[in-house]
Structure formats: C-alpha cells, structure tokens
Amino acid sequence: MANLKSLAKDTAIYGLSSIVGRFINYLLVPVYTFSLPAASGGYGVITNVYAWTALAMVLLTFGMETTFFRFANKDGEDPKKVYSTTLIMVGGLSALFVALVFAFIHPISSFLGYAEHPSWVWAMALTVGVDAFSCIPFSFLRYQKRPIKFATLKLLNILILIALNILYFVGFKGKNPGYTFYINLVASTLLLLALSKEVMGIRSGFDGQLMRRMFSYSWPILVLGIAGILNQTADKIIFPFVYSGEDAHAQLGIYGGASKIAMIMAMITQAFRYAYEPMVFAGAKDRDSKELYAKAMKFFLIFTLLAYLLVIGYIGLFKHIIARDYWEGLKVVPIVMAAEIMMGVYFNLSFWYKLIDKTIWGAIFSGVGCLALVLVNVIFVPKYGYIACAWGGFAGYGVAMLLSYFVGQKYNPVNYPLREMLAYLVLTAVLCVLMHYVNRSMGVVYATLVNTLVIGVFVVYMVKKDFPLSDLPVVGKYFKKK
C-alpha cells in the first residue's frame, strides 16, 4: 500500500508537469492552426517533420532510459558508473547522427520532400541530437526521485517554446512553418544548459564492458521503441508518400490538428510512466509486486476512460482549440483516444518481460503491431484518406496489447481484475453511444449540460465501486459517521 501511495504522489508531481506542460503546449495548436490555414499545408509540414524527429529520438536514445533504470538498480552495479556510461553512449550517438545529417543534407532533404528548405532539416537534426542527450540527465533526476526539478525544467522549456512561437506567429504575424524548427532548437539548447550539473556526471567515466552488457539488454528495447514510435508517427510519415491527392500536407495538417485534441490520453500515460517505471524496477523483488501491477492497471484504465468520456462529452468546447477549417478532422478524435488507451494498457503489460530480461518479446509485439498499422495505412489511405491513419493506430496498438497480455499470462501471469475492468469498458461504451447521439442532435450548450449528467453516471459508479467517500481524507470522517 505504501508503494501505491508513493506512486500516487509521484504521479501527481510528474503528472502536473506533464499535463500542465501539455496543456500550455496546446497554446501552440491554435497559434499554428489560426496562423497557418489548412489549405496552405503549413501545419501538415510541422506534423510531418515532428513525426520524423520523434523516430530519430528513439533511435538516438537507443532504449537507454529503461536500460539505465534496470542496471542502476541491479545488485553489484555502481549507479554513477551506469549513468556516466549511458550519458557518453547517447552523447556519442547523437553527435554521429548530427554529423551524418550535415554531411548528406541535400539528399536527405530531397527524400523528405523539403529540397528547397534544407535548413529545416538540419535545424531539427540538431534539436533531436540535443534532446536525445538531455533525456539521460532527466532519467537520472527520476532515479534520484527529484520530481520537482524534473517538472520545473520541463515546464520552463515549454514556456520558452510557447513564448517564442507566439512572438513569431502572433507578434510578427509570421507564416513560415520552418521558424518552428529554429525556435525548437533554441529552447532545447537552453534546456541542456540548465542540466549542466547533471551532465557533469559524465566525470564518473566510461565502462566498455558495462556498455556491452547494457547494449545486449537495450537493443530489443530499441526495436520495441522503434515499433512503438512508428505506431504513433508512421501514419504521419507515410501519408505524403501514399496519399493520392495533391493536397497531402493540407490533409495531413487537418488530421494532425484534430488529433491534438485526443492527446490528453498521451499526457496521462506519460505521467503514469514517469512515476511507475522507476518504482517497478526498484520493487521487483517484493512478494506483493504482482498485486500492485494488477491494481495499477485497473486504476489506470478507470482514469483514462473517465478522460475519454470528458473529451467526447465536451468536444463542442474542445474543438475551438483548432481553427474552424480543421474541424472536419474531429471524426478521428474518438478513434485516436481509444488507440492511446490501448497503448497505455500495453505499456503497463510490458513489465513482465522487462523484469525477466526478455525484452525481445517487446520487440516482437511492437513489431507485429507496427506491421498492422503500416498495412492499414498503405492499403486504405489512398482510398479513405486520413481516417485510415486513425484506424491504423487503433489496429496497431490493439494487436500489440493483446499479444503482450496472452503471452505474458503464460510466462509471468498476473491476476488482473478483468471482470471489473470489463464492466468499466462496457459502461463507457454505452455512455459514449449516448453522448454521440446527444452531440449530433443538440446544440453545444444543451449537449454540454446533458453530457455532464452522463459523465456523472460514470463518476457515481466509480465512487461506489472503487473510491468510496468514506475512505477519503477529511470528507471521509463525515461519511463514516453517517
């Protein structure tokens, strides 16, 4: 129970930085969509380039965030030596990546479709190199259980990013999407400077033998990470290559803008991961650890389903985050959010193979899921456009999630409360159908009021089944007396 309380506390802090940070970052969505009309394709360019950089980030970090936690918590390992070795490895890979991009900038720019704008490509290459290197000091902060500094630096970075974007797009009324990439480089560089104290951990030296052992653990995680990030970005990477129309970047921008509304799921999953991952590795030897995993999975599902209902119920309000000419893409929001929930469940399931050092399973599951996503996109995008991108993500995460569950129950079974979780899923599905009808048949004001009552049904059920008021601090005393 103490572990669950620690998880809740750290999730609250990491979650505050993640959710507040992402919420502040939402300011960029209206800035971009109102400054760059859908027809211009400007936001499509931003969506496409950031998808490529997300893939590059996974390649450069090489699964070393998870590997660092695993080895730093191993008996007989020196955490400082593990940290410095990890830092040097990722730093070396990042420097090599940046050098290669600069050496082959013109063919790379042409392949990506930005032959006339090579500076966009090298700016983002530098940015991703700096960000990949910064990931390791941030992992060290998590290992040291210093969520305050972690959250503060993350939020400051986002605020700088927001301020510079607003200055250019609103203050100077800029229309060039490429300036987004230059701004990103400035913000990332300042963030690395703020981590200078943690970067000095490099003085503990480099251990080649340790590096080889870490690589043997991390390469399946790298494959897993590549497949995982492709599940999030492959649609945005593939789309310009397979879409049959001439307005590929315009359509991609509409899809990217609408998908941002669904990203509340990514916020919750990320916040949960930041607190959950270090705790799981540190407490792997506890006898009640499997009970903890089962409870954590259930509570994760409950809160993500509540978030799902909130977004669907208040979609009439959330849609104003993006400009009106992007609203046609709102049909992807429920699909993308459902895919994000499955991704979160898959993440929670993934610890069975990480804790027994069989990370190759994760590579297999994510690889198969990624293949499903790519096939859906390649086959259906030419005919159905970006709606196929949303269903591709749904298929990819769904396949990976189911494979991880069934294989995991064979090799390292956990008694998840499936009946209770299924009851929440069925209730959510029924309420969503009702809200879909309400959203279509009523105006925004009435729909919002009715949907609030509908969401209240879920909350009442949740409180009754899993969060009795009598257990709450302060308020609980009153209900116990009753």
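In every chain, residue numbers begin from 1 and rise along the written sequence. In keeping with the predicted nature of the model, local features appear solely for residues at pLDDT of at least 70, side-chain atom pairs appear and are counted solely at 80 or more, and the whole-chain, interface and lining totals rest on all residues. The basis for every side-chain value is the complete set of heavy atoms in the structure, and neither hydrogens nor water enter the calculation.

Caption draft 1: The layout of surface pockets, seen in detail. The way it works is a 1 Å grid over only the protein atoms, where trapped points that fit a 1.4 Å probe form a cavity and open points with protein on both sides within 12 Å along at least five of seven lines form a pocket, and then any residue with an atom within 4 Å of a point lines it. Grid points are joined across faces, edges and corners, and a volume is the space filled by probe spheres set on the points. Roughly 550 Å³ of volume is contained in the second largest pocket. Sorting the residues of the lining of the second largest pocket by element identifies α14 (289-313), α16 (333-349), α19 (387-411) and α20 (418-441) as the ones contributing at least two each. Secondary structure is summarised from DSSP: a helix means a run of H or I of at least four residues, a strand means a run of E of at least two, and numbering begins at the N terminus for each. With seven residues, α20 is the single largest residue contributor to the lining of the second largest pocket. In this count, Pro and Cys sit with the nonpolar residues alongside Ala, Val, Leu, Ile, Met, Phe, Trp and Tyr, while Asp, Glu, Lys and Arg are called charged and the others, Gly among them, polar. Classifying every residue of the lining of the second largest pocket gives 20 nonpolar, one polar and no charged.

Caption draft 2: Local environment of the packing of helix α6 (residues 105-112) against helix α7 (residues 118-143). Here an angle of 0 to 180 degrees is reported between the N-to-C directions of two axes, which are lines fitted to C-alpha atoms, with helices fitted over the stretch in contact. With their axes 9 Å apart at the nearest point, α6 and α7 run at an angle of 105° to one another. Taken together, the axis directions place α6 and α7 in an arrangement best described as roughly perpendicular. In contact with Ile-105, His-106, Ile-108, Ser-109 and Leu-112 of α6, α7 contributes Pro-118, Val-121 and Trp-122. Broken down by class, the residue content of the contact of α6 with α7 amounts to six nonpolar, two polar and no charged. When describing relative orientation, an angle under 35 degrees is termed roughly parallel and one over 145 degrees roughly antiparallel, while 65 to 115 degrees is termed roughly perpendicular and anything else oblique. Here a residue-residue contact requires only that any non-hydrogen atoms of the pair lie within 4.5 Å.

Caption draft 3: Region of the structure containing the environment of Ala-447. With respect to the helices, strands and loops of the structure, Ala-447 is situated in helix α21 (residues 444-465). Throughout this description, buried means an accessible area under 20% of the type-specific maximum (1.4 Å probe, protein chains only), exposed means over 50%, and partly exposed covers the range between. A residue is classified by how much of its surface remains accessible, and Ala-447, at 5% relative accessible area, is buried. Taking the C-alpha atoms as reference points, Ala-447 and Tyr-314, 133 residues apart in sequence, are found 8.2 Å from one another. Excluding anything up to four places from it in sequence, Ala-447 contacts Val-438, Asn-439 and Met-442.

Caption draft 4: Local environment of empty space enclosed by the protein. Per the counting criterion, the structure on display carries four cavities of 30 Å³ or more. Estimated volume of the second largest cavity: approximately 80 Å³. Lining the second largest cavity we find Tyr-293, Asn-348, Leu-349, Phe-351, Trp-352, Ser-404, Tyr-405, Gly-408, Gln-409, Asn-412, Val-414 and Tyr-416. Among the elements of the structure, α16, α17 (351-355) and α19 are those that each provide at least two residues to the lining of the second largest cavity. If one sorts the elements of the lining of the second largest cavity by residue count, α19 sits on top with four residues.

Caption draft 5: Representation of the pattern of salt bridges within the structure. Put simply, a salt bridge is a Lys or Arg side-chain nitrogen that is within 4 Å of an Asp or Glu carboxyl oxygen. In total, this model carries seven salt bridges according to the counting rule given. Here Glu-198 and Lys-149 are joined by a salt bridge, their closest N and O atoms 2.9 Å apart. Placement of the pair is Glu-198 in helix α10 (residues 196-199) and Lys-149 in helix α8 (residues 147-171), with a sequence separation of 49 residues. A salt bridge links Glu-420 to Lys-298; the shortest N-O distance between them is 2.2 Å. Placement of Glu-420 in helix α20 and of Lys-298 in helix α14 is noted, with a sequence separation of 122 residues between them. The class of Lys-298 is buried, set by a relative accessible area of 9%.

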